[in-house]
Amino acid sequence: MSADLAVSTTHVVIAPMLVALVTAVATLATRRHDRLQRALSLLGVGAYAVGVAVLADRVLSGGTLTYQLSAWPAPFGISLVADALAAFMLSLAALVTVALLVFSVVYVDEQGQRVSYHPLFHFMLLGVSGSFLTGDVFNLFVWFEVMLMPSYVFVAFYSGPRHTAAALQYTVLNLFGSALMLVSIGGLYATTGTLNMADIARRLAAPAEFGIDPAPVLGLSTILLVVFALKAGIVPFHFWVPPAYRAAPAPVSAFLAGVTKKVGIYAIVRLYFTVFAAGAVEGGLGLPALSGESFLAFFGPVLFAMALASMLVGGVGAVSRDALDDVFAYSSISQVGFIVLPLAVVATVSDPALRTLGVVAALVYSLNHAVAKSLLFLVSGTVYDATGTIEFERLGGLTTRFPVLSGSFFVGSLALVGIPPLSGFFGKLLVLDTGGRALAAGTPGAGLALAGALAGAIFTIAYLSRTWSQGFWGEVTPLVEHGSQSSVLVGVVAALALVVVAVGIGFDPVYSFAESAARAALDTDAYVDAVDPGVVARE
């Protein structure tokens with residue numbers, strides 16, 4: 001009986017991936033039967049959410065779960081690892097994708113849905129899920145590619161000149177990033193002798209025992225950071241974000257901003273705070289202050305510069321845009337800076353409580369951004385569906401004609417600004433609390449971090465206030481006057497607005513979940529013990 005329970009508990013790790021894969025294949029096979037295809041797609045995303053919920057419950061109640069494909073032991077076999085961090089990110093993805101798919105069924109034209117939309121959506125979700133669950137860096141690359149390939153098609157979905165140009169730029173940049181990632185992974189294998197994340201951490205903790213020189217590992221991990229920053233759209237690797245988000249259908253833009261961007265953030269947390277944190281900079285690499293410090297002490301200032309640049313570049317760009325999608329695209333660049341900032345601040349501290357707080361802040365802000373930014377992109381799609389435009393000069397009076405839609409935009413905007421009791425308030429509060437505690441502890445750069453966060457918050461207020469006044473307020477324009485909104489699209493948008501409110505009001509369990517995820521990310525020993533890559537050597 002106990003053996004059967006152990007098997008079922010282990011197999012729940014692969015449930016989200018299996019559901020996404022089966023649904024993708026099923027919707028591809030039923031493309032000639034529209035209603036059946038859509039029904040299977042909706043059933044699949046619902047089953048995905050249930051699978052993630054069951055997995056998260058098992059992880060939070062019983063600890064980290066692992067699954068070894070074909071029963072090959074780590075580090076030789078392929079490991080899937082579901083700890084609280086992976087469960088938190090999967091829950092974020094499930095929460096958003098259910099709303100996005102329901103929206104897509106009405107928003108995307110019938111031909112688009114029939115040919116490719118649903119299989120691509122679920123293959124992209126499969127890649128996201130695999131990225132969160134994989135336990136080795138090579139398969140992280142594989143799942144990145146599974147996630148990215150459908151997104152290339154989605155950016156070019158409407159096939160116009162603007163969409164094709166955006167897709168070309170997006171594809172070329174990400175292929176370059178993928179090539180860098182593959183080269184870096186090969187270098188890591190040559191240097192450490194393994195690709196299993198837990199095994200890398202174990203070996204970096206005792207480099208002399210395994211004959212590892214930490215300096216090449218540090219260099220290779222720096223290249224990987226460039227790749228993850230590109231995937232997350234962090235400045236200065238953000239060039240692809242505005243054209244790609246403008247070109248893709250609204251629910252896909254929401255997927256890219258709300259979910260796939262978080263895969264890059266997850267990779268930074270998992271690899272640099274769980275795996276590479278076990279390594280130490282020997283000899284200081286010409287910088288005496290870094291001698292003997294964790295790799296994180298080297299990456300902290302790098303992340304710090306990118307976070308500040310993202311908040312400012314994205315904020316300035318959003319303030320000067322004249323269409324909804326343009327504002328939201330540049331806003332995503334700015335908001336990812338708020339996610340990275342607490343990670344950068346705590347990367348250089350040794351206080352476990354402060355480091356945990358910084359990771360919690362990043363995770364909570366990621367959740368808020370996933371829901372609120374997805375909400376705003378869906379608002380943009382609904383406005384376009386109702387009026388045929390998202391240009392400010394042709395909009396006006398949306399609050400008069402479409403009050404529920406406008407109210408939903410208002411809720412999403414307040415969440416990004418950080419107004420209580422919405423979800424964004426707690427994310428912003430935790431970011432500022434991290435900076436404040438770091439400043440009190442004398443952490444270098446903490447004061448600048450607080451100043452940058454305040455400047456980013458001012459930019460957020462500025463561009464969202466401008467969007468409200470120019471697009472939603474004022475006299476009713478002819479396009480708005482004669483527009484007609486879909487009740488289903490408005491219902492999805494309103495439901496996401498309620499989620500933003502609910503997360504804020506019922507924040508205690510969300511915080512507990514995020515704190516468990518942060519502790520899992522920072523407990524390298526527990527991660528290594530769960531995967532147990534040394535079991536073969538001990539036998």
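Residues numbered from 1 in each chain as written. Predicted model: local features only at pLDDT ≥ 70, side-chain atom pairs only at ≥ 80, totals over all residues. Heavy atoms only, no water.

**Q** Looking at this structure, how should I read the overall build of the chain?
**A** Helix and strand content of the chain: 24 helices and two strands. Taken over the C-alpha trace, the chain has a radius of gyration of 23 Å; the compact-globule value for 539 residues is 24 Å, and the two agree within 12%. C-alpha atoms of the chain, sized along the principal axes, occupy 75 × 55 × 45 Å. Looking at the chain as a whole, 60% of its 539 residues qualify as buried. Only carbon and sulfur atoms are counted for the fraction: they give 67% of the accessible area of the chain, which is about 19200 Å². Treating the 24 positive side-chain charges of the chain as one cloud and the 30 negative ones as another, the clouds have centres 8 Å apart. (Helix = DSSP H or I, 4+ residues; strand = E, 2+ residues; numbered from the N terminus. Rg over C-alpha atoms; globule rule 2.2 N^0.38 Å. Buried < 20%, exposed > 50% of the residue type's maximum accessible area, 1.4 Å probe, protein only. Areas by Shrake-Rupley, 256 points an atom, 1.4 Å probe, with all protein chains shown as cover. Lys, Arg positive; Asp, Glu negative; His and termini not counted. Charge placed at Lys NZ, Arg CZ, Asp CG, Glu CD.)

**Q** Explain the environment of S310 to me, please; I cannot follow it from the model alone.
**A** Within the secondary structure, S310 sits in helix α13 (residues 295-319). Residue classification places S310 among the buried residues on the basis of a relative accessible area of 0%. C-alpha separation for the pair S310 and V476, spaced 166 residues apart in sequence, amounts to 35 Å. Ignoring any residue separated from it by four or fewer positions in sequence, one finds S310 in contact with I234, V235, G315, I333, S334, V336 and G337. (Contact = heavy atoms within 4.5 Å.)

**Q** When you look at the pairing of strand β2 (residues 79-82) in this model, what are you seeing that I'm missing?
**A** Residues in a regular strand point their side chains to alternate faces of the sheet. Both faces of β2 are covered, namely the face carrying S79 and V81 and the face carrying L80 and A82. Alignment of strand β1 (residues 65-68) against β2, held across four bridges, turns out to be antiparallel. Counterpart to L65 in the pairing with β2 is A82. (Pairing = 2+ DSSP bridges.)

**Q** How should the side chain of T30 be read in this particular structure?
**A** Within the secondary structure, T30 is located in the loop between α2 (15-29) and α3 (34-62). Since its relative accessible area comes to 12%, T30 is described here as buried. Residue contacts for T30: discarding those within four places in its chain leaves L36, Q37 and L40.

**Q** Explain a nonpolar patch on the surface to me, please; I cannot follow it from the model alone.
**A** Taken together, the side chains of L42, V102, V106 and V488 define a hydrophobic patch exposed on the protein surface, amounting to about 250 Å² of accessible area. Structurally, V106 is set in helix α4 (residues 84-107). (Patch = residues over 30% accessible without salt bridge, like charges linked within 9 Å, V, L, I, M, F, W, Y side chains within 5 Å. Salt bridge = Lys/Arg side-chain N within 4 Å of Asp/Glu carboxyl O.)

**Q** Please clarify how the packing of aromatic side chains should be interpreted in this entry.
**A** The description of two aromatic rings rests on the distance between their centres and on the angle between their planes. Summed over the entire model, instances satisfying the criterion amount to 30 aromatic pairs. Measuring from ring centre to ring centre gives 5.8 Å for Y117 and F157, while their planes differ by 80°; the resulting arrangement is edge-to-face. Here F157 lies in the loop between α6 (137-155) and α7 (161-192) and Y117 lies in helix α5 (residues 110-133), a separation of 40 residues in the sequence. Across the pair, exposure class does not vary: Y117 and F157 are buried alike. (Phe/Tyr/Trp six-rings, centres within 6.5 Å; stacked < 30°, edge-to-face > 60°.)

**Q** Just to check I follow, could you spell out the packing of helix α15 (residues 352-387) against helix α21 (residues 487-505) for this structure?
**A** Working note: a packed helix pair is described by the angle between its axes plus the distance between those axes. Contact geometry of α15 with α21 gives a least axis separation of 9 Å together with a crossing angle of 160°. One element, α15, and the other, α21, form an angle in the roughly antiparallel class. α21 is crossed by α15, and the crossing has left-handed handedness. Together, L367, V371, A372, S374, L375, L378, V379, T382 and D385 of α15 and L489, V490, V492, V493, L496, A497, V499, V500 and V503 of α21 make up the contact between the two elements. Partitioning the contact of α15 with α21 into residue classes produces 15 nonpolar, two polar and one charged. (Axes fitted to C-alpha atoms, helices over the stretch in contact; angles between N-to-C directions. Parallel < 35°, antiparallel > 145°, perpendicular 65-115°, else oblique. Left-handed = near helix turned anticlockwise from the far one by under 90°. Nonpolar A, V, L, I, M, F, W, Y, C, P; charged D, E, K, R; others polar.)

**Q** What exactly am I supposed to notice about the environment of R270 here?
**A** Following the sequence through the fold, R270 ends up in helix α12 (residues 250-275). Considering only alpha carbons, one finds R270 and A386, 116 residues apart in sequence, at a separation of 42 Å. Ignoring sequence-local partners within four residues, the contact set of R270 consists of D83, L85, A86, M197, V275, A520, A521 and Y527.

**Q** Please explain the packing of α6 against α7 as it appears in this structure.
**A** In the contact formed by α6 and α7, the axes pass within 10 Å of each other and the chain directions differ by 175°. As far as their axial angle goes, α7 and α6 are roughly antiparallel. For the pair α6 and α7, the contacting residues are V137, F138, L140, F141, F144, E145, L148, S151, Y152 and V155 in the first and H163, A166, A167, Y170, T171, N174, L175, S178, M181, L182 and I185 in the second. In terms of residue class, the contact of α6 with α7 is made up of 15 nonpolar, five polar and one charged.

**Q** What exactly am I supposed to notice about the pattern of salt bridges here?
**A** Should the charged atoms of two oppositely charged side chains come close, the side chains can pair. Summed over the entire model, instances satisfying the criterion amount to eight salt bridges. Its salt-bridge partner being R114, residue D34 comes within 2.9 Å of it at the nearest N-O pair. Of this pair, D34 sits in helix α3 while R114 sits in helix α5, placing them 80 residues apart in sequence. For the salt bridge of D199 with R202, the shortest nitrogen-to-oxygen distance reads 2.9 Å. You can see D199 and its partner R202 sitting in helix α8 (residues 197-205), three residues apart, about one turn around the helix. With relative accessibility at 27%, the residue R202 sits in the partly exposed group.

**Q** In this structure, what is going on with the side chain of S253? I would like to understand it.
**A** Positionally, S253 belongs in helix α12. Judged by its relative accessible area of 1%, S253 falls in the buried class. Beyond its immediate sequence surroundings of up to four residues, S253 is in contact with Y245, A248 and F377.

**Q** Sorry, what's going on with empty space enclosed by the protein here?
**A** Counted under the stated rule, the structure contains two cavities of 30 Å³ or more. A volume near 60 Å³ is recorded for the largest cavity. Along the walls of the largest cavity sit M147, L148, Y170, N174, K231, W240 and T260, which together make up its complete lining. Secondary-structure elements contributing two or more residues to the lining of the largest cavity are α6 and α7. Looking at the lining of the largest cavity residue by residue, the classes come out as four nonpolar, two polar and one charged. What the second largest cavity holds in volume is close to 30 Å³. (1 Å grid on protein atoms, 1.4 Å probe; cavity = no way out; pocket = protein on both sides within 12 Å on 5 of 7 lines; lining within 4 Å. Points joined across faces, edges and corners; volume = space filled by probe spheres on them.)

**Q** What exactly am I supposed to notice about unusual backbone geometry here?
**A** Among all residues save glycine, negative phi is the norm, and among peptide bonds the norm is trans. In this model, V235 is joined to P236 through a cis peptide bond whose omega is 10°. Following the sequence through the fold, P236 ends up in the loop between α10 (214-232) and α11 (241-247). P421 follows P420 through a cis peptide bond whose omega is 5°. A positive phi angle, close to 65°, is found at S159, a residue other than glycine. Within the secondary structure, S159 sits in the loop between α6 and α7. Assessed through its relative accessible area of 56%, S159 is described here as exposed.

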